[in-house]
Amino acid sequence: MKTPLLKIVVSLLFAFPFSLAATDWPRWLGPEGDAVWRETGILEKFPEGGPKVLWKKEVAWGYGGIAVNDGKVFVMDYVKESGEIKNNPGGRDKLIGKERVLCFDLETGEEVWTHEYDRPYSVSYGGGPRCTPTVANGHVFALGAEGNLWCLNEKDGSVVWSKDFPKEYNVETPIWGFSAHPLVHGGLVYCMVGGDGSTVVAFDEKTGEEKWRALSAPEPGYCPPSIINHAGVDQLIIWHPKAINGLNPTTGDLYWSLPLEPSFGMSIMVPQKSGNYLFASGIGRVGAVIELDDEKPGASFLWEASPKQGIFFANSNPVIHDGIIYGADIDTSSLMAARLEDGERLWETTEPVIAQDLKGSVRHGTAMLVRHEESGRFFIFNETGAFILAELSPEGYKEISRFQAVEASNNAFGRPVVWSTPAFAEKSVLIRNDKELVRLDLSKEG
């Protein structure tokens, strides 16, 4: 009986190759792109003074998040050599410097490799790359603020292939930089590029060859491509500043399209699927829940937001759980809860989002949420650099503990901020600002 059992086990491992990487965080919002952490054995409350610091390493400017895969940590930054970062929403910072993709050993924090290149910047909010690296099948896909896409060897950082979006597609860098994290699926890499007929482009994962291009919009926006499965097929969801679209991910053919236009071309949050609903919202109090057709790829509006209905997102993505939307509203800088089915707001509080001495006086408050599956609790990293463990429910917000994880090293609208997404892997969290990358122990034993 031993041999057949061994064969079954081996076949299962090959059938589900990603099951062994359950403790990795290889892309933005985690392995499944849903901001859910599925590891067990995680602490229930932060110790006095905060969790144990496993290591710290120096990094430079960057808004981009962190990826973890196969014992390695990946992050992008920008080493500014000259120019001034003014963070003027309506003007572009002119900078000279080097953009980098950094790789560290997860256990020790020691540098494994660095890929760097000269990259002048002409973007508003010039403090570094926006995108989280995407790690898949032995490659690291890293997109810089000015549209340099790199496919690097995961082990040594050597260049496999690269693209220069402005040069190759004759497009201008969006005023706030290329910000849509690359998506890898089915042997293709999907990127928001821009231009007539090339708002989204699919590249061959191994060679970089363009496989198809699709859609036209005045600008590509800042929303990452995403994949959902509904009506028995995969659908590539693309939200550009004029419309939210469902495409055939293999061919780029359009399945459906609905108008959804945020202000200033700022389609940012990745639409979130829950059951047969898809939620998206943005600046200008624009938002909607879309009902997906169960029989074929198709969609229609269930409801569209009003000023007092729904939650409006920009820098931070919402989490939907048990029919409730949770997230930081850009108008009020409050953490809010709203019902998915009709958008009715249930409660709000600024406590886990902004410095409380600024209460009532700021917009665009930012808090990154990740739900821990085993405990049902939420880890929240806010713009002040505080890391919070809390319970969120339809009844309200209950804070369990918090500590100051990093300094708010950048600024926006006259206040100090840190706008980057953490990574959760190997019973720890990795957090960065514009000065350091920190790994903190979140194990129950730690």
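Definitions and limits used
- Residues numbered from 1 in each chain as written.
- Predicted model: local features only at pLDDT ≥ 70, side-chain atom pairs only at ≥ 80, totals over all residues.
- Heavy atoms only, no water.
- Helix = DSSP H or I, 4+ residues; strand = E, 2+ residues; numbered from the N terminus.
- Rg over C-alpha atoms; globule rule 2.2 N^0.38 Å.
- Buried < 20%, exposed > 50% of the residue type's maximum accessible area, 1.4 Å probe, protein only.
- Contact = heavy atoms within 4.5 Å.
- Lys, Arg positive; Asp, Glu negative; His and termini not counted.
- Charge placed at Lys NZ, Arg CZ, Asp CG, Glu CD.
- Phe/Tyr/Trp six-rings, centres within 6.5 Å; stacked < 30°, edge-to-face > 60°.
- Pairing = 2+ DSSP bridges.
- Polar contact = N/O pair within 3.5 Å; in protein donor to acceptor, adjacent residues only side chain to side chain.
- Salt bridge = Lys/Arg side-chain N within 4 Å of Asp/Glu carboxyl O.
- Axes fitted to C-alpha atoms, helices over the stretch in contact; angles between N-to-C directions.
- Core = buried A, V, L, I, M, F, W, Y, C linked by side-chain atoms within 4.5 Å.

## Focus on the overall build of the protein
For the protein, the helix and strand inventory stands at two helices and 36 strands. Its C-alpha atoms give the protein a radius of gyration of 21 Å, within 12% of the compact-globule value 22 Å for 446 residues. Each of the three principal axes of the protein carries a C-alpha extent, and together these read 60 × 60 × 55 Å. Of all 446 residues assigned to the protein, the portion counted as buried reaches 59%. Counting only contacts in the protein whose residues sit at least 6 apart along the sequence, the fraction spanning at least 24 positions is 56%. Where the 42 positive side-chain charges of the protein centre and where its 60 negative ones centre are 2 Å apart.

## Overview of the packing of aromatic side chains
For the structure shown, the criterion picks out 27 aromatic pairs. Measuring from centroid to centroid gives 3.9 Å for Tyr78 and Tyr121, while their planes differ by 20°, and the two rings are stacked. One end of the pair, Tyr78, is in strand S4 (residues 72-82); the other, Tyr121, is in strand S7 (residues 121-123), and 43 residues separate them in sequence. Exposure remark for Tyr78: the relative accessible area of 0% places this residue in the buried category. The exposure class assigned to Tyr121 is buried, which follows from its relative accessible area of 3%. Feature note: the residues Trp25, Trp37, Phe46, Phe379, Phe387, Phe403 and Phe424 constitute an aromatic cluster, connected by ring pairs.

## As for the pairing of strand S31 (residues 396-404)
Pairing geometry for strand S30 (residues 386-393) and S31, over eight bridges, is antiparallel. Along S31, the bridge assignment pairs Glu391 with Lys398. Connecting the antiparallel pair S30 and S31 is a turn made up of two residues.

## Regarding the side chain of His230
Mapped onto the secondary structure, His230 falls in strand S16 (residues 226-230). One polar contact links His230 to Asp294, side chain to side chain, over a distance of 2.7 Å. With near-sequence residues (within four places) excluded, His230 lies in contact with Gln235, Lys273, Gly275, Asn276, Leu292, Asp293 and Asp294.

## As for the pattern of salt bridges
The full count for this structure, using the stated rule, is 25 salt bridges. For Lys72, the salt bridge identified is with Asp70, shortest N-O distance 4.0 Å. Note on Lys72: relative accessible area 11%, which makes it buried. The class for Asp70 is exposed, based on a relative accessible area of 56%. For Arg377, the salt bridge goes to Glu391, with nearest N and O atoms at 3.5 Å. Of this pair, Arg377 sits in the loop between strand S28 (367-372) and strand S29 (378-382) while Glu391 sits in strand S30, placing them 14 residues apart in sequence. Each of Glu32, Asp34, Arg38 and Glu373 takes part in a single network of salt bridges with overlapping partners.

## Examining the sheet that holds strand S36 (residues 436-441)
Pairing is antiparallel across the open sheet formed by four strands, whose spatial order is S2-S36-S35-S34. Of all strands in the sheet, those with a lone pairing partner are strand S2 (53-58) and strand S34 (423-425), marking the two edges. Strand-to-strand twist in this sheet, taken as the mean axis angle between neighbours without regard to direction, amounts to 15°. Pairing analysis gives five bridges linking strand S35 (residues 428-432) to S36, with the strands arranged antiparallel. Along S36, the bridge assignment pairs Val429 with Leu440.

## Some words on the side chain of His139
Within the secondary structure, His139 sits in strand S9 (residues 139-143). Contacts of His139, omitting those with residues within four sequence positions, involve Thr134, Cys151, Leu152, Glu154, Val160 and Glu205.

## Thoughts on unusual backbone geometry
The phi dihedral of Ala35 falls on the positive side, at around 60°, and the residue is not glycine. Tracing the backbone through its elements, the reader meets Ala35 in the loop between helix H1 (2-15) and strand S1 (36-37).

## Here we look at the environment of Val200
Structurally, Val200 is set in strand S14 (residues 200-204). Residue Val200 is classed as buried on the basis of its relative accessible area, which comes to 0%. The spacing of Val200 and Gly144 is 56 residues in sequence and 16 Å in space, taken between C-alpha atoms.

## Things to note about the environment of Pro352
Summarising the element assignment, Pro352 is placed in the loop between strand S27 (345-349) and S28. In sequence terms Pro352 and Ala231 are 121 residues apart; their C-alpha atoms lie 38 Å from each other. Beyond its immediate sequence surroundings of up to four residues, Pro352 is in contact with Leu335, Ala367, Ile380, Asn382, Ile388, Tyr397 and Arg402.

## Focus on the sheet that holds S9
In space, the four strands of this open sheet follow the order S8-S9-S10-S11, with antiparallel pairing throughout. Either end of the sheet is taken by a strand with one partner, and the two such strands are strand S8 (134-136) and strand S11 (159-164). The sheet shows a mean angle of 15° between the axes of neighbouring strands, direction not considered.

## A short note on the environment of Ser361
Relative to the assigned elements, Ser361 resides in the loop between S27 and S28. Taking the C-alpha atoms as reference, Ser361 lies 9.0 Å from Ser333; in sequence the two are 28 residues apart.

## Quick notes on the nonpolar core
If you look at the biggest cluster of nonpolar residues, it comprises 56 residues, and the most contacted ones within it are Phe387 and Leu442. Here the element with the most residues in this core is S30; it accounts for five residues. If we skip the residues at most four places from it in the chain, Phe387 touches Phe46, Phe379, Ile380, Phe381, Ser401, Arg402, Phe403, Ala405, Phe424, Val429, Ile431 and Leu442. Residues Ile244, Trp256, Met269 and Ile320 belong to the second largest nonpolar core, which totals 25 residues.

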